[in-house]
Amino acid sequence: MRLTQLRSFYAVARMGSFTKAAEHLHVSQPTITTQVRFLEESYKVELFHRSGRRVQLTLLGEQLMQLAQQIFSLEADAVSLLRDAGELRTGHLRVAAVGPYHVTQMLADFSLRYPEIKVSVSTGNSQDVLDRLLDYRADVGVLAQLVKDDRFMSVPFNRHPVGIFTSSSHRFARRRSIRLAELQGERMILREQGSTTRKALELALQKAGVAPEVVMEISSREVIREAVSQGIGIAAVSSVEFVPGPGLHLVSVSDADIFTYAHVVCLAERRTMRMVKAFFDTVSPPETTPLRSPRKMASRRQAQ
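Residues numbered from 1 in each chain as written. Predicted model: local features only at pLDDT ≥ 70, side-chain atom pairs only at ≥ 80, totals over all residues. Heavy atoms only, no water.

Counting its secondary structure elements, the protein chain contains 10 helices and 12 strands. Against the globule reference of 19 Å for 304 residues, the protein chain gives a C-alpha radius of gyration of 25 Å, more extended than a compact globule. Overall, the C-alpha framework of the protein chain stretches about 75 × 45 × 35 Å when taken along its three principal axes. Buried residues in the protein chain amount to 44% of all 304 residues. Restricting to contacts in the protein chain with at least 6 residues of sequence separation, those with at least 24 account for 75%. Roughly 16900 Å² of accessible area belongs to the protein chain as shown, and the carbon and sulfur atoms make up 50% of that amount. Seen as two clouds, the 40 positive and the 31 negative side-chain charges of the protein chain have centres 4 Å apart. (Helix = DSSP H or I, 4+ residues; strand = E, 2+ residues; numbered from the N terminus. Rg over C-alpha atoms; globule rule 2.2 N^0.38 Å. Buried < 20%, exposed > 50% of the residue type's maximum accessible area, 1.4 Å probe, protein only. Contact = heavy atoms within 4.5 Å. Areas by Shrake-Rupley, 256 points an atom, 1.4 Å probe, with all protein chains shown as cover. Lys, Arg positive; Asp, Glu negative; His and termini not counted. Charge placed at Lys NZ, Arg CZ, Asp CG, Glu CD.)

Attention now moves to the packing of helix H1 (residues 3-15) against helix H3 (residues 29-43). For the pair H1 and H3, interaxial distance at closest approach is 8 Å and the crossing angle is 110°. Overall, the two elements H1 and H3 adopt an arrangement that is roughly perpendicular. Contact residues: Thr4, Gln5, Ser8, Phe9 and Val12 in H1; Ile32, Gln35, Val36, Phe38 and Leu39 in H3. Of the residues assigned to the contact of H1 with H3, the class counts are 6 nonpolar, 4 polar and no charged. (Axes fitted to C-alpha atoms, helices over the stretch in contact; angles between N-to-C directions. Parallel < 35°, antiparallel > 145°, perpendicular 65-115°, else oblique. Nonpolar A, V, L, I, M, F, W, Y, C, P; charged D, E, K, R; others polar.)

Attention now moves to the environment of phenylalanine 157. Within the secondary structure layout, phenylalanine 157 lies in strand S6 (residues 152-167). Counting along the chain gives 126 residues from phenylalanine 157 to valine 283, while the straight-line C-alpha distance between them is 7.0 Å.

Our next topic: the packing of aromatic side chains. Enumeration over the complete set of coordinates arrives at 7 aromatic pairs. Taking 5.6 Å as the distance between ring centres and 50° as the angle between the ring planes, the aromatic pair formed by phenylalanine 110 and phenylalanine 279 counts as tilted. Note that phenylalanine 110 is positioned in helix H5 (residues 100-113) and phenylalanine 279 in helix H9 (residues 274-282), a separation of 169 residues in sequence. Exposure class is identical for phenylalanine 110 and phenylalanine 279. Each is buried. With a centroid separation of 5.6 Å and 55° between ring planes, the pair formed by phenylalanine 165 and phenylalanine 242 is classed as tilted. One end of the pair, phenylalanine 165, is in strand S6; the other, phenylalanine 242, is in the loop between strand S10 (234-238) and strand S11 (248-253), and 77 residues separate them in sequence. The pair formed by phenylalanine 165 and phenylalanine 242 is uniform in burial state, with each residue classed as buried. (Phe/Tyr/Trp six-rings, centres within 6.5 Å; stacked < 30°, edge-to-face > 60°.)

Below is the structure:
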């Protein structure tokens, strides 16, 4: 198999048609067709299901697509290394994160140091981030949990306390802090399974033997905010993710250490690549973000 044949296959798989693949590679369509046909005939396999001008990957084609992504990502790394051997003046850093709150400061610091580097960010849950790293669709990831997997290198960035937010009509709204035991029997709205905020809260509740009444499970932060403001229940939130608003009140938990964490992650095999290393070198753990009530946050902004 020649690299040109694999490149033609990869282009068709990405673009969804032989015509678009030819335009993308700046070659004729017969050239693309010949390269892919030779690949199939040489190994007596079928890589695409063809229906008129439309093509769809077979199961084997999807597996080859995954390998091709890795190969061409490594090729891009090699070109970037050679081209920017002296100094990082050009390039493209792809970041995958579990949410914008955990990655914003990192991106600001990196862009300040390397203003000519293009940065793109994709968001998803923890498994999405790890999948993107494994598929070479992302260079670095930002997670809210520690990854115990030898395939990855993980560096802690910071931690954030978890508090409880309520509607302004709730009895907790007159308080700055509560004890964990006061959540016993409280109507509570939880994030979806797999949420790190939920994991942190549930671990603390289980340890203390406290059982709130779970009335809803919602995956959207915005929907949870609306449900809380309507008085349906209370909810847990990491300090870095809480956005003050009318009808909402944030209280801390005074007798329990409940935190979410931010970790910067990459494939262990890519930790020495210049772009990845530059990002890790930029990251320096700041102080823990304090948990502030909406009233304190508002007064602080007015003072500034």
